[in-house]
Amino acid sequence: MIRVMSDEKGQAFTLEGITAALLILIVTYTLFESSVVVSPIWSEYGDIQLKQLGYDVLRSLDVHRTNMNLSACPDTQNITRNSLQYMLIQLNTSNPQPNQEFLNALDMMLDPSIKKRLEVYWVNQSNNNTIEHLVLINNTPIPDAVGVSRIIVLYPCDVTSSSPFYGSFTNDTALAVEVRMILWHV
Amino acid sequence: MKVKEKRIDEGRLSLDMLIGLSIFLFAFIFIGQFLPSVFADARSEISVFAEAYKVSVLLTEDPGRWINRANTSEKGFHWESEWYKDNISFRPGLARVGRAGFISLNKLMEFKNATLHYGGSYANDTWIRDVFGLDSPSNSYHVNISLLIPYSTSYNQYYSRNNSGQNVLTIGPPIPNKKVSRYERLVNLPVYSDFIQHYANLPNNVNYRINSTFPLGGALLIVRNTSNIHAQCWVEVRVNLTNTTSLNSTYETVYELGDRVGSTCDITNLTGIYPLTRELNEGYEEVYENFTQTYNELPDNQSVVVRIKNLNCTFALSNVGEIIGDLSSNEARIVSKLVVTVWEG
């Protein structure tokens with residue numbers, strides 16, 4: 001006579017169960033004890049510092065005029081050549097490039113391990129308020145890049161007919177140009 | 001043959017079940033108890049980081065405030081000329097009025113004087129903690145505020161030094177070897193004579209040697225004009241290392257400008273401002289390695305050599321920070337890193 005015990009129902013497989021439970025426990029403990037805690041602050045820490053650096057650089061370059069002489073506008077003699085203002089007013093529609101003094105100052109303040117992209121945005125007031133933009137330093141950012149910007153005010157007398165901003169003024173109103181810099185570590 | 005089947009399906013509470021449930025409950029309670037302490041560390045870091053940010057903003061973006069407690073109508077931003085008088089309450093800030101990020105030299109000096117006055121030494125941060133609200137019933141932090149050259153990194157810190165070799169700003173106890181929060185700001189300092197190690201208008205045809213210490217905070221070459229466009233013109237910058245006892249010496253050219261082959265001077269393309277800080281600092285590292293490998297000894301004299309042919313130039317070095325702009329105009333400034341480091345303790 002063969003006697004079969006059919007006890008599949010409601011049974012726990014003891015050894016496997018205990019092993020699995022211990023495994024989960026060990027993994028959980030190791031994960032939380034490790035020095036790298038997956039928390040939003042770790043990625044933001046780097047971003048905050050890089051973003052702050054970007055804002056400080058733009059602020060440092062927004063040095064405006066060394067001596068105001070509105071009657072001589074455009075007063076290029078008294079505008080600091082490494083400033084955002086000078087960089088904008090010297091732009092030429094046919095080949096818009098930042099001037100060398102500006103690029104030198106920018107590079108002196110940013111470590112070579114930081115790459116950058118530089119764009120300017122403005123509203124063309126004489127063309128139905130369309131938003132126009134130029135890419136002045138054309139590098140392709142990575143997804144972890146951060147963006148900073150600063151608004152620079154240009155006056156009609158600041159620019160010449162070869163400037164990309166020339167046709168964007170209406171009457172004598174000033175033009176707000178947003179200089180946008182995107183930074184990332186390489 | 002008859003098979004006799006015994007079915008055990010009466011819903012017993014087995015020992016396996018009890019063990020499994022016990023382990024699960026144990027793990028569940030353990031993790032529940034453990035989780036808050038895991039994130040306590042991150043919470044603490046967020047809190048310390050915020051303190052470092054706060055101090056950096058108050059110092060670099062705000063000019064500070066003062067008020068006369070005996071006559072509250074007397075108040076203002078220029079605490080630097082009032083703080084030592086009677087009945088004055090003040091909070092220091094280093095920024096020029098209306099110019100965030102641009103440091104006032106007077107405020108910087110008086111900030112150091114006030115720290116010395118209230119704390120007895122620059123290493124005592126008691127007054128700084130009090131004035132920036134770093135002491136509270138629940139938390140207490142220490143702070144170190146330093147000015148570093150932009151070439152510094154978080155693991156290689158080089159202090160901004162004046163021409164006497166003293167740190168321009170180092171306040172607070174040394175940074176401990178434990179978890180700290182560090183916040184960096186780029187600040188603009190005025191071109192004060194004590195911050196420029198060398199500044200020389202160099203004439204045509206000169207070999208100019210400047211004894212210096214590396215790494216440099218800033219180095220700038222300005223090419224202005226030439227006296228003869230029908231002759232070749234160039235500039236060469238070298239790093240030179242010497243051992244003054246053995247007289248062993250080696251150099252490396254770190255920067256060249258102009259054409260040393262042709263017979264004319266293309267002054268239009270040469271005129272301009274050339275930052276040389278990184279070239280000189282990286283060149284120094286290479287020359288140092290070559291020197292030690294070649295001679296098996298250390299150099300005790302470091303110099304920068306500027307060789308100029310047929311050009312009028314200005315050359316400037318600083319151990320405080322990068323020199324931005326033409327030093328002969330009032331646009332020039334020195335850019336340094338103000339680093340605030342905060343830790344619990």
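Further up the page is the structure itself.
Predicted model only: the values in this text are computed from it and were never measured.

Asks: Would you mind going over the overall build of chain B in detail, with residue names and values included?
Replies: When you go through chain B residue by residue, the secondary structure sums to five helices and 19 strands. What you see for chain B is a C-alpha radius of gyration of 31 Å, clearly larger than the 20 Å of a compact globule of 345 residues, by over 25%. Projected onto its principal axes, the C-alpha coordinates of chain B cover approximately 120 × 85 × 45 Å. At a minimum sequence separation of 6, the contacts of chain B that also span at least 24 residues come to 74%. A total of about 16,900 Å² of accessible surface is found on chain B, and carbon and sulfur atoms cover 51% of it. Charged side chains in chain B number 31 positive and 35 negative. The centres of these two groups are separated by 6 Å.

Asks: How would you explain the nonpolar core if you had to name every residue and give the values?
Replies: Core analysis: the largest hydrophobic core is formed by 86 residues, its most contacted members being Val57(A), Leu88(A), Leu154(A), Phe165(A), Phe111(B), Ile145(B) and Leu338(B). The greatest single-element share of this core, amounting to six residues, is contributed by helix α4 (residues 100-109) of chain A. Inspection of this core shows a minimum of three residues originating in each of domain 1 (59-192 + 338-344) and domain 2 (198-318) of chain B. The next biggest cluster of nonpolar side chains, apart from the first, holds 32 residues, and it includes Ile210(B), Leu257(B), Ile267(B) and Ile308(B).

Asks: With reference to specific residues and values, describe helix α2 (residues 105-119) of chain B.
Replies: Residue and element names in this part refer to chain B. Compared with an ideal rise of 1.5 Å per residue, which puts 15 residues at 21 Å, α2 spans 21 Å between its outermost C-alpha atoms and is within 8% of the ideal. Residues Leu105, Lys107, Leu108, Glu110, Phe111, Lys112, Ala114, Thr115 and Gly119 constitute the buried set of α2. Positive backbone phi, at 85 degrees, marks Gly120, one or two positions downstream of α2.

Asks: Residue-level account of the side chain of Lys112(B), with values.
Replies: All names here are of chain B. With respect to the secondary-structure elements, Lys112 resides in helix α2. There is no salt bridge for the buried Lys112, and the closest opposite charge comes from Asp194, which lies 8.3 Å off by N-O distance. The contacts of Lys112, once residues within four sequence positions are left out, are Tyr122, Asn167, Val168, Leu169 and Ile171.

Asks: So, the sheet that holds strand β4 (residues 88-92) of chain B: which residues are in play, and what are the values?
Replies: All names here are of chain B. An order of β3-β2-β4 is seen for the three strands of this open sheet, with the pairing classed as antiparallel. The open sheet terminates on both sides in strands that have one partner only, identified here as β3 (75-76) and β4. Bridge count between strand β2 (residues 64-68) and β3: two bridges; the pairing is antiparallel. For Trp66, the partnering residue across the bridge sits in β3 and is Gly76.

Reading the values: the criteria
Residues numbered from 1 in each chain as written. Chains lettered and ligands numbered in written order. Predicted model: local features only at pLDDT ≥ 70, side-chain atom pairs only at ≥ 80, totals over all residues. Heavy atoms only, no water. Helix = DSSP H or I, 4+ residues; strand = E, 2+ residues; numbered from the N terminus. Rg over C-alpha atoms; globule rule 2.2 N^0.38 Å. Contact = heavy atoms within 4.5 Å. Areas by Shrake-Rupley, 256 points an atom, 1.4 Å probe, with all protein chains shown as cover. Lys, Arg positive; Asp, Glu negative; His and termini not counted. Charge placed at Lys NZ, Arg CZ, Asp CG, Glu CD. Core = buried A, V, L, I, M, F, W, Y, C linked by side-chain atoms within 4.5 Å. Buried < 20%, exposed > 50% of the residue type's maximum accessible area, 1.4 Å probe, protein only. Domains from an automatic or database assignment. Expected span 1.5 Å × (residues − 1). Salt bridge = Lys/Arg side-chain N within 4 Å of Asp/Glu carboxyl O. Pairing = 2+ DSSP bridges.

Honestly, that's just the spatial picture; any functional story needs more than this.
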